[in-house]
Amino acid sequence: MNEEEITEMIIKCPACSVEGVAKSIMKELEIPHFGKVLETTIQCPKCGFRHSDVIALEQNDPAKYIIEINRNNLSVRVVRSQSATVTIPELGVKVEPGPKSEGYVTNVEGILTRFEDAVIKALNLFEDEESQKNARNTLINIRELKKGNGTATLIMHDPFGQSNIVSENVEILEIPEEELRELKTGFVHIEDS
Ligand SMILES: [Zn+2]
């Protein structure tokens, strides 16, 4: 992956509206076998606001990407846009798009690390024994996968086709119309009936 172009700007903060302190960094990356993506990060030192996202400059169709997590696939490139749902069914973990969700370019191991961090946070919030026990088991399983022990399935749905798992071992499926309607997109839906 070569970094092609970095643009930095000082902007008005979208969170606290203070002028002239927030920094917007845009990086154009060329991802082999996928195309160009624009990675954007906004950081405000004034209020601590931070947001990042990736935008694919060459858009794909809505798709579901499936790859086995195993020792050979840990370094496979993953582009997760803000609109993607990421699931590892064997571990019972899922990240859905929301107003605070972020887009990023990482690899399979990086996805596991993000789940690991989320489970650690959840562990501190759970008060009942049962939930804590489940979370601790999930944590052990995630850590084993990171070490290359065992296998699980990584599934990523993106209704806007902005995401990708870049590997010849990936299975790419169309998202059925019904499933597409049930996916959260991070936007507020107003249904007309
Ligand atoms: Zn701010």
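Located above this text is the structure these notes cover.
Residues numbered from 1 in each chain as written. Predicted model: local features only at pLDDT ≥ 70, side-chain atom pairs only at ≥ 80, totals over all residues. Heavy atoms only, no water.

Trainee: I'd like to hear about the packing of helix α1 (residues 108-125) against helix α2 (residues 129-146), residue by residue, with values.
Mentor: Two numbers describe how α1 lies on α2: the axes approach to 10 Å, and their chain directions differ by 160°. It follows that α1 is roughly antiparallel to α2 by the angle criterion. Of the two possible hands of crossing, α1 and α2 adopt the one that is left-handed. Side by side, α1 and α2 meet where Glu109, Leu112, Thr113, Phe115, Glu116, Val119, Ile120 and Leu123 of the first sit next to Gln132, Ala135, Arg136, Thr138, Leu139, Ile142, Arg143, Leu145 and Lys146 of the second. (Axes fitted to C-alpha atoms, helices over the stretch in contact; angles between N-to-C directions. Helix = DSSP H or I, 4+ residues; strand = E, 2+ residues; numbered from the N terminus. Parallel < 35°, antiparallel > 145°, perpendicular 65-115°, else oblique. Left-handed = near helix turned anticlockwise from the far one by under 90°. Contact = heavy atoms within 4.5 Å.)

Trainee: Give me the lowdown on the environment of Gly98, citing residues and values where you can.
Mentor: Counting through the fold element by element, Gly98 comes out in the loop between β8 (93-95) and β9 (104-107). The class for Gly98 is buried, based on a relative accessible area of 17%. Sequence spacing of Gly98 and Ser163 is 65 residues, and the spatial spacing of their C-alpha atoms is 16 Å. (Buried < 20%, exposed > 50% of the residue type's maximum accessible area, 1.4 Å probe, protein only.)

Trainee: Report on the coordination of the zinc ion, specifying residues and quantitative values.
Mentor: At this site the zinc ion is bound by Cys13 (SG), Cys16 (SG), Cys44 (SG) and Cys47 (SG), with donor distances of 2.3 Å. Angles of 105 to 114° at the metal separate the 4 donor atoms of the zinc ion, which places the site in the tetrahedral class. Sequence spacing among the residues donating to the zinc ion works out to C-x2-C-x27-C-x2-C. Taken together, the residues Cys16 in the loop between β1 (2-11) and β2 (22-31) and Cys47 in the loop between β3 (35-43) and β4 (50-56) connect sequence positions 31 residues apart. For Cys47, a relative accessible area of 39% translates into the label partly exposed. (Donors = N, O, S within 2.8 Å, 3.2 Å for Na, K, Ca; no water. Tetrahedral: all angles 85-135°; square planar, octahedral: opposite > 155°, others 65-115°.)

Trainee: I'd like a description of the environment of Ser75, backed by residues and values.
Mentor: Tracing the backbone through its elements, the reader meets Ser75 in the loop between β5 (63-69) and β6 (77-80). Along the chain, Ser75 and Glu109 lie 34 residues apart, while their C-alpha atoms are 6.4 Å from each other.

Trainee: Go over the sheet that holds β9 with me, naming the residues and quoting the values.
Mentor: Read across the open sheet, the 3 strands follow the order β9-β6-β11; overall the sheet is antiparallel. Strands with a single pairing partner mark the edges of an open sheet, and in this sheet they are β9 and β11 (164-166). The average undirected angle you get between the axes of adjacent strands in this sheet is 20°. Bridge count for β6 against β11 is 3 bridges, and the pairing is antiparallel. Along β11, the bridge assignment pairs Arg77 with Val166. Together, β6 and β9 form the strand contacts of α1, whose direction differs from that of β9 by roughly 105°. (Pairing = 2+ DSSP bridges.)

Trainee: I'd like a description of the nonpolar core, backed by residues and values.
Mentor: Judged by nonpolar contacts, the single largest core of 28 residues is most densely connected at Ile69, Ile88, Leu154 and Ile165. Looking at which element gives the most residues to this core, the answer is α1, with 6 residues. Formed by 9 residues, the second largest nonpolar core is a distinct cluster that contains Leu29, Ile31, Val37 and Val54. (Core = buried A, V, L, I, M, F, W, Y, C linked by side-chain atoms within 4.5 Å.)

Trainee: Tell me about a negative patch on the surface, and name the residues and values.
Mentor: Taken together, Glu127, Asp128, Glu129 and Glu130 make up a surface patch of like negative charges. Topologically, Glu127 is positioned in the loop between α1 and α2. (Patch = residues over 30% accessible without salt bridge, like charges linked within 9 Å, V, L, I, M, F, W, Y side chains within 5 Å. Areas by Shrake-Rupley, 256 points an atom, 1.4 Å probe, with all protein chains shown as cover. Salt bridge = Lys/Arg side-chain N within 4 Å of Asp/Glu carboxyl O. Lys, Arg positive; Asp, Glu negative; His and termini not counted. Charge placed at Lys NZ, Arg CZ, Asp CG, Glu CD.)

Taken by themselves, the reported measurements are silent on function.
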